[in-house]
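The primary structure of each chain is shown beneath.
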Amino acid sequence: MANVTTAQLFEEPFDADEYIERLAWRTPGGGSKGGAVAFDPKKLLEEFVNHIEELKQLDERIQRKVEKLEQQCHREAKEFAHKVQDLQRSNQIKEAADIIQKLHLIAQELPFDRFSDVKAKIASKYHDLERQLIQEFTAAQRRGEIGRMREVAAVLLHFKGYAHCVDVYIKQCQEGAYMRNDVFEDIAILCQRVNKQVGEVFCSPETVMAKLIQSIFENKIQAHVKERLDETRNSDVEQYLKNLYDLYTRTTALAAKLSDFNLGSDKHTFLSKLIKNIFSCYLESYIDMERQYLQNRSGMILQRYYDSKNHQKRPVGTGSIQELKERIRQRTNLPLGPSIDTHGETFLSQEVVVNLLQETRHAFERCNKLSDPADLPKNAFSIFLLLVEYLCVDHIDYALEIGLSAIPSADAKNANLYFLDVVQQANTIFHLFDKQFNDHLMPLISSSPKLTECLHKKKEVIEQMEVKLDTGIDRTLNCMIGQMKHILATEQKKTDFKPEDENNVMIQYTTACSKVCAYVSKQVERVRRSMDGKNVDTVLTELGVRFHRLIHEHLQQFSYSSMGGMLAICDVAEYRRSAKDFRVPLVLQLFDTLHALCNLLVVAPDNLKQVCSGEQLTNLDRNLLHAFVQLRVDYRSARLGRHFS
């Protein structure tokens, strides 16, 4: 309270006598005019002493506060003076720059012989000031003072050294920027950061940004690409091609990101040129290296496979005596030398095919990315030709040739008809080959004249292989029929259809028929496993027709008693049941007709005309009907021929 009271006593206007009088008046017994309390000089003295002590303490506190405020004022005055000094100096730089710039322009017009000293001094001052400005800009950039950088850059804009200022900025931007293992990610982050800054510093940010990107491409990326590619170019072609594809892909992806920035009016051409300058020396030889690698790799894949089979590839004759022999053999089934035994080996490997297709797929992907657009269809076609050479010719066609050579003659017994396995695997490979053609080659050539050439080549190759497949299937079917013929020749007895005891025949169908039907059932199932789509019906139709012809001709070799004719009908009924497995209407119809013909072997003579006029036989040639009737043992005795007169 004393402090408050004292403070109140010092209120303005201040008068010392008045202050003491008021202090005495407030002290009990201190008033000079008497009152309720008598005047007490001791109390008044005590109050004065205490009050003087309080005033001393108050004075000390005020003095400390004054000193503190003086220090603060001095510090602020000093800072203000520095700011004023900086501003003054800044303005003097700007003013000096303006003056020296004008002097420099004027000096250009002065004759050298009379004003050489003056021109030299102006030039010296010009370069000194220019150097100071660049140093100031560099220091401001390191301190991160964007405003100061902007000011100095604006001054330097009219100096020749402005370009050097930009170069310094670009150099310092990249200091410490490449810290990760991924240089492309570093560059993307750097450019994103700088792109935000250049607009605040330079009056033409697009020019500075373009110059930064050019510097990055011509230095950092080019050095990185050279290091990665040169170390594998002559030692590991596969890795070289992978690296080239990866580096080019990542560089173009980076360029696509950078194209979002303002780099001038023709930024896409600018970026494309930077990429071309880096990769042109590698891309010029790319397709030759790609083809050479693919040749070597494909050859190695095939050789490794044949080595694993301990197989020495046989030369496949073209235009030679060997080819002529093979053609004659295919057309006539004449045994022109022994057929080879492959022990059931198809010499087709799905693993080999997958590896070849995978290598080619990678080649197509690289070709699409690394080829000049004008050369892309041509390059893709050259890769396709290698696929045809190694997959279709050296592997599939070779296996077909071996398979054809291994097909036994039609009269061979217990022949291994493994060519259907070749067909099955070849069909699977065709599907994979066709899928790659559509998925990976077509997009590269679909809009070019090479499309027609590719389609023609594909058709030519497939047709050549289909001819061999058809030939092999045809000869395999002949072998099947030959096997059936062998079963019939060894199992069918003449007494089967002319039993000695007509009354004691217990069997439903003959042993020969049973064995043939069992054999046919296996072959039908085998065809279904080996073929696909319409090929199943086509092959089964051909097999069924030949099967019917065999049985038809076979039945005409015998004479039939009444009970023998019934057995023949039972056999044909069993053959007809096998024919149902073909699921081919024509084959079933043929056996239906054959079954009806066999009825001519047992029908009563007087009913022959009626049977021949039936629905199933009425359209058949009369000579065919007569030929069946002649097989009856009672043909001459019963004078059945008159029914056909």
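Keep in mind that this is a model prediction, so the values were computed, not measured.

1. A word on the side chain of Arg632
Okay, step 1: Mapped onto the secondary structure, Arg632 falls in the segment after helix 22 (622-629).
Okay, step 2: On the basis of relative accessible area, Arg632 is assigned to the buried category, the value being 6%.
Okay, step 3: Here the side chain of Arg632 touches Leu600 through a polar contact of 2.9 Å, landing on its backbone oxygen.

2. Details of the environment of Val201
Okay, step 1: With respect to the helices and strands, the residue Val201 is situated in helix 7 (residues 183-201).
Okay, step 2: Residues Val201 and Gly147 lie 54 residues apart in sequence; the distance between their C-alpha atoms is 7.4 Å.
Okay, step 3: When residues no more than four places from it in sequence are discounted, the contact partners of Val201 are Phe137, Ile146, Met149, Arg150 and Ala153.

3. A short note on the nonpolar core
Okay, step 1: The biggest cluster of nonpolar side chains holds 158 residues, and the ones touching the most others in it are Tyr169 and Met484.
Okay, step 2: A per-element tally of this core places helix 14 (residues 376-406) first, with 18 residues.
Okay, step 3: With sequence-adjacent residues up to four places away left out, Tyr169 is seen in contact with Phe137, Gln141, Met149, Val194, Gln197, Val198, Phe202 and Val208.

4. Here's the deal with helix 7
Okay, step 1: Look at helix 7: 26 Å from first C-alpha to last across 19 residues, which is about the 27 Å you get at 1.5 Å a residue.
Okay, step 2: Maximal helix bending in helix 7 amounts to about 25 degrees, located at Asn195.
Okay, step 3: Of the residues making up helix 7, those classed as buried are Val183, Phe184, Asp186, Ile187, Ala188, Leu190, Cys191, Val194, Val198 and Val201.
Okay, step 4: Sitting at the head of helix 7, Asp182 places a side-chain oxygen 3.1 Å from the backbone nitrogen of Phe184.

5. Brief notes about the packing of helix 19 (residues 562-580) against helix 20 (residues 585-598)
The axes of two packed helices give the description: the angle between them and the distance between them.
Okay, step 1: Two elements in contact, helix 19 and helix 20, have axes whose closest approach is 9 Å; the angle formed by their N-to-C orientations is 175 degrees. Judged by the inter-axis angle, helix 19 sits roughly antiparallel to helix 20. Here Ile569, Val572, Ala573, Tyr575, Arg576, Ala579 and Lys580 of helix 19 lie close against helix 20, whose contacting residues are Val587, Leu588, Phe591, Asp592, Leu594, His595 and Cys598.

6. So, a negative patch on the surface
Okay, step 1: Taken together, Asp15, Asp17, Glu18 and Glu21 make up a surface patch of like negative charges.
Okay, step 2: Within the fold, Glu18 resides in helix 2 (residues 16-26).
Okay, step 3: A residue is classified by how much of its surface remains accessible, and Glu18, at 44% relative accessible area, is partly exposed.

7. Re the pattern of salt bridges
Okay, step 1: If you walk through the whole model with that rule in mind, you get 23 salt bridges.
Okay, step 2: With its nearest N and O atoms 3.2 Å apart, the salt bridge here joins Arg361 to Glu365. Of the two residues, Arg361 and Glu365 are both situated in helix 13 (residues 350-370); the distance of four residues between them amounts to about one turn of the helix.
Okay, step 3: Between Asp592 and Arg576 there is a salt bridge, with its nearest N and O atoms 2.2 Å apart. One end of the pair, Asp592, is in helix 20; the other, Arg576, is in helix 19, and 16 residues separate them in sequence.
Okay, step 4: Given a relative accessible area of 27%, Arg576 falls into the partly exposed group.

Definitions and limits used
All residue numbers refer to position in the chain's written sequence, counted from 1. Where local features are concerned, this predicted model is filtered to residues with pLDDT of at least 70; where side-chain atom pairs are given and counted, the filter is 80 or more; whole-chain, interface and lining totals use all residues. Side-chain metrics in this entry use all non-hydrogen atoms of the structure; hydrogen atoms and water are not considered. For the purposes of this entry, the term helix denotes a DSSP run of H or I that reaches at least four residues, the term strand denotes a run of E that reaches at least two, and both are numbered from the N terminus. Each residue gets one of three labels from its accessible area relative to the maximum for its type: buried under 20%, exposed over 50%, partly exposed in between, using a 1.4 Å probe on protein chains only. Polar contact is the term for a pair of N or O atoms within 3.5 Å; when the atoms are in protein, one must be able to donate a hydrogen and the other to accept it, and sequence-neighboring residues count only if both atoms are side-chain atoms. Pairs of residues are marked as contacts when any of their non-hydrogen atoms sit within 4.5 Å. Put simply, a nonpolar core is a bunch of buried Ala, Val, Leu, Ile, Met, Phe, Trp, Tyr and Cys residues held in one set by side-chain atoms that sit within 4.5 Å of each other. Each helix should span, by expectation, one fewer than its residue count multiplied by 1.5 Å. To get the bend at any residue, fit one axis to the seven residues that end at it and another to the seven that begin at it, then take the angle between the two axes. In this description, a line fitted to the C-alpha atoms serves as the axis of each element, helices being fitted only across the stretch in contact, and the angle between N-to-C directions of two axes falls anywhere from 0 to 180 degrees. Orientation labels follow simple angle bins: below 35 degrees gives roughly parallel, above 145 gives roughly antiparallel, 65 to 115 gives roughly perpendicular, and whatever is left gives oblique. Like charges within 9 Å and nonpolar side chains (Val, Leu, Ile, Met, Phe, Trp, Tyr) within 5 Å are joined into patches, using only residues over 30% in relative accessible area that form no salt bridge. Each accessible area value is a Shrake-Rupley result obtained with a 1.4 Å probe; residue values ignore everything except the protein chains displayed when judging cover. By salt bridge we mean one thing: a side-chain nitrogen of Lys or Arg within 4 Å of a carboxyl oxygen of Asp or Glu. Charged residues are defined here as Lys and Arg on the positive side and Asp and Glu on the negative side; His and the ends of the chain fall outside this count. Throughout, a charge is located at the NZ atom of Lys, the CZ atom of Arg, the CG atom of Asp or the CD atom of Glu.

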